[in-house]
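# Notes for the structure review
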Amino acid sequence: MSEDKRTELETIGEFGLIDALTKGFKKKNDSTIFGIGDDAAVINRDDKNVTLVSTDFLIEGIHFNLMYTPLKHLGYKSVVVNLSDIYAMNGRPEQITVSIAVSNRFPKEALEELYDGIKTACDIYNIDLIGGDTTSSLSGLVISVTALGTAKKEDVVYRSGAKENDLLVVTGDLGAAYMGLQVLEREKSVYKANPDIQPDLDGFDYLLERQLKPEARKDVIQFLKDLDVKPTSMIDVSDGLASEIFHLCKGSDLGAQIYDEKLPIDTKVSMTAIDFNIDPATCILNGGEDYELLFSVAQEDFDKIKGNPHMSIIGHFTSKDAGVYMIDKQGAAIKLKAQGWDSFRGE
Ligand SMILES: [Mg+2]
C-alpha cells in the first residue's frame, strides 16, 4: 500500500471492491468451473454433476437489528438467504455450515433460539448442517452461512446466458420486505421517543413476514422443471430488482427494457408505500431482500410461462447499446440506476 493513496470504499462500492481484491487470482484447478461473479461458485463433482457453493455474512447493526428481529427468525433467514443463491443457479441445496461470532451479552438460551430457527429452515428445505465455527466477538452478533448444493451440469443457469429479446421474468411479488423494514423502523423510532407507546404492527403481517422470515423459491425451480423450461440466465432478488437486472445485463453483455405496469406488487405494499410517501416502484426497484428469482427465457418458451400465477413477465433483454430502461405508465422511458443495497454506501 502506498502512503499517499487512499480510496474510500464508498467511492467504489461492494462490487468495485470485490473486483479490486480478486482480480489478481488466477484459476489453478480444473475442478473450478466458475468462481467469483455469480450467485454461487460451480465446482466439478463428477462427469454429470457439479457442486454449488455460496456464502453470506449477516452482521448485527448492518443486516439486522435485534430490537425487532426475533433470534429464531434471524436463524431461519440466515439459512434461507443462502439457499436462495443455490436455487438461483437452478441447483438443489443440500448442506450448510454455520459460523457465529458472539459477545458474552448473549446467554446460551438466546443462541439456542437462533439455532432453533436454523434447524427449522434445515427441516423445511431438507438441508444438513455439517459444520462451522463458534468464536467470540467484542460487540455484536455475526453469522456466516455457507450453502452447498448440487446440479446436473447441463442444468446450471448462469447470469451470462441470456440473449437479446429473451423475456425477463420475476417470481412472486416485490417490495414487501423493504416496506416491512420501513414499518419496523418507524415503530422503533416511536418506541425510542416514548417507550410507553406499544408498537402498532397490526395489519402489516405480510410485510413483516417478508422482512423477518423470507422464503427461498425452491418451488419455482420445480415449476420450471415441470414446465420443461430452462432459464437462459437467473439471479435471486436480494439487493433490489434494478441491481439484479444490471447484474444479468452485465453478465450477458446486454441491455434491458422493463415495464412499470408489469412489475408485481402486493396491494398492501403499494398502499403502505404511499402512506410512507415512498414511490411503490422504488420499493420494487431498490428495496431488496425479496428473495424472489429473476430469470430470462427464450421467446419460444413464452406460452409455457404466460399466465403462470407465480411468474410475471416484466420485459425483455435488448442490445447492450440500447441501455437499461423502465417504461413508465405514461409510456416514458426512464433510465434505470442500480441503487441496491451496497454495504459501503452511507444509508
Ligand atoms: Mg444472489
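To be clear, the structure that these remarks concern was listed above.
Read on for a plain summary of the structure. This one's a predicted model, so the numbers in the text were calculated from it and none came from an experiment. (Residues numbered from 1 in each chain as written. Predicted model: local features only at pLDDT ≥ 70, side-chain atom pairs only at ≥ 80, totals over all residues. Heavy atoms only, no water.)

## With respect to the coordination of the magnesium ion
Working reference: metal with six octahedral donors, ideal angles 90 or 180 degrees; metal with four tetrahedral donors, ideal angle 109.5 degrees. Around the magnesium ion, the protein supplies Asp39 (OD), Asp85 (OD) and Asp236 (OD) as donor atoms, at distances of 2.0 to 2.1 Å. Between consecutive donors of the magnesium ion, the numbers of intervening residues give the motif D-x45-D-x150-D. Here Asp85, found in helix H2 (residues 71-87), pairs with Asp236, found in strand S9 (residues 233-236); they are 151 residues apart in sequence, far enough to count as distant. An identical accessibility class is assigned to Asp85 and Asp236; each is buried. (Donors = N, O, S within 2.8 Å, 3.2 Å for Na, K, Ca; no water. Helix = DSSP H or I, 4+ residues; strand = E, 2+ residues; numbered from the N terminus. Buried < 20%, exposed > 50% of the residue type's maximum accessible area, 1.4 Å probe, protein only.)

## A look at the sheet that holds strand S13 (residues 324-327)
If you trace the 7 strands from one edge of the open sheet to the other, you get S9-S11-S8-S12-S10-S13-S14, paired in mixed fashion. The sheet terminates laterally at S9 and strand S14 (333-335), the two strands that pair on one side only. Ignoring strand direction, the axes of neighbouring strands in this sheet form an average angle of 25 degrees. The pairing of strand S10 (residues 255-259) with S13 spans 4 bridges and is classified as parallel. Across the sheet, Ile258 pairs through a bridge with Met326, a residue of S13. H2 rests against S9 and strand S11 (293-297) of the sheet, and its axis sits at about 175 degrees to S9. With respect to the sheet, helix H6 (residues 218-226) is in contact with strand S8 (167-171), S9, S11 and strand S12 (311-318), its orientation differing from that of S11 by roughly 15 degrees. (Pairing = 2+ DSSP bridges. Axes fitted to C-alpha atoms, helices over the stretch in contact; angles between N-to-C directions. Contact = heavy atoms within 4.5 Å.)

## So, the packing of aromatic side chains
The relation between two aromatic rings is expressed through the spacing of the ring centres and the mutual angle of the planes. Taken as a whole and judged by the stated rule, the model has 2 aromatic pairs. Their ring planes at 45 degrees and their centres at 6.4 Å tell us that Tyr87 and Tyr125 sit as a pair that is tilted. With Tyr87 in helix H2 and Tyr125 in helix H3 (residues 108-125), this pair connects stretches of sequence that are 38 residues apart. Considered together, Tyr87 and Tyr125 belong to a single accessibility category, that of buried residues. Lying over the aromatic face of Tyr76, Lys213 brings its terminal NZ or CZ to 4.3 Å of the ring centre. Here the basic side chain of Lys268 rests over the ring of Phe204, its NZ or CZ set 5.0 Å away from the ring centre. (Phe/Tyr/Trp six-rings, centres within 6.5 Å; stacked < 30°, edge-to-face > 60°. Lys NZ or Arg CZ within 6 Å of the ring centre and 35° of its normal.)

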